[in-house]
Amino acid sequence: MKNVFVGVGVSKAGQSFEAGKEAAEQAIKDMQSKGGNEPVFGLVFCSGGKYGKNDKTIKEFVNGVQSVFGKYKELKWIGCTTAGEITPDGVKYGSTVAMVIGTKYIK
């Protein structure tokens, strides 16, 4: 029996809000496709040059992520900007990567 389920999502969307939302949605869908149910922790990395250019773009990005992650009461998440993002397909630039973990063993 598996105790921990992990999902990853990647987006290169042009708009900050859409990129955050898309990566978060993909991560949850990926986790659930592996048998996970409710995510409890998330980790998000985004291109600072693309989505963190100024206060407006980074706030839009965070709002995009939160529009998805905020639906899960127990889900806490952290994130930061990067100069390159590590994805399941290797290093990418100008993208965002979200990861979620689903388990009853993290509080």
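Residues numbered from 1 in each chain as written. Predicted model: local features only at pLDDT ≥ 70, side-chain atom pairs only at ≥ 80, totals over all residues. Heavy atoms only, no water.

1. Concerning the pattern of salt bridges
Part 1 of the reasoning: One pass over the structure, following the stated rule, counts 3 salt bridges.
Part 2 of the reasoning: For the salt bridge of Lys21 with Glu25, the shortest nitrogen-to-oxygen distance reads 3.3 Å. A residue pair is termed a helical-turn pair when its members lie 3 or 4 positions apart in one helix, as Lys21 and Glu25 do in helix α1 (residues 16–33) at 4 residues.
Part 3 of the reasoning: Lys21 sits in the partly exposed class, given a relative accessible area of 27%.
Part 4 of the reasoning: Of the charged contacts, one joins Lys56 and Glu60 as a salt bridge, the two residues approaching to 3.8 Å between their closest N and O atoms. A residue pair is termed a helical-turn pair when its members lie 3 or 4 positions apart in one helix, as Lys56 and Glu60 do in helix α3 (residues 55–69) at 4 residues. (Salt bridge = Lys/Arg side-chain N within 4 Å of Asp/Glu carboxyl O. Helix = DSSP H or I, 4+ residues; strand = E, 2+ residues; numbered from the N terminus. Buried < 20%, exposed > 50% of the residue type's maximum accessible area, 1.4 Å probe, protein only.)

2. Observations concerning the state of the cysteines
Part 1 of the reasoning: Per the counting criterion, the structure on display carries 0 disulfides.
Part 2 of the reasoning: The thiol sulfur of Cys46 is not disulfide-bonded, and the nearest other cysteine sulfur, from Cys80, lies at 7.7 Å.
Part 3 of the reasoning: Its relative accessible area of 1% is what places Cys46 among the buried residues. (Disulfide = S-S within 2.5 Å.)

3. A look at the packing of aromatic side chains
Aromatic rings considered in pairs are described by the distance between their centres and by the relative angle of their planes.
Part 1 of the reasoning: Scanning the entire structure with this criterion turns up 2 aromatic pairs.
Part 2 of the reasoning: Taking 5.8 Å as the distance between ring centres and 25 degrees as the angle between the ring planes, the aromatic pair formed by Tyr51 and Phe61 counts as stacked. One end of the pair, Tyr51, is in helix α2 (residues 48–51); the other, Phe61, is in helix α3, and 10 residues separate them in sequence. This pair shows no difference in class: Tyr51 is buried, exactly as Phe61 is.
Part 3 of the reasoning: Judged by centre distance (5.8 Å) and plane angle (75 degrees), the rings of Phe69 and Trp77 are edge-to-face.
Part 4 of the reasoning: By relative accessible area, Phe69 is classed as buried at 1%. (Phe/Tyr/Trp six-rings, centres within 6.5 Å; stacked < 30°, edge-to-face > 60°.)

As far as function goes, none of this settles anything; it's purely spatial.
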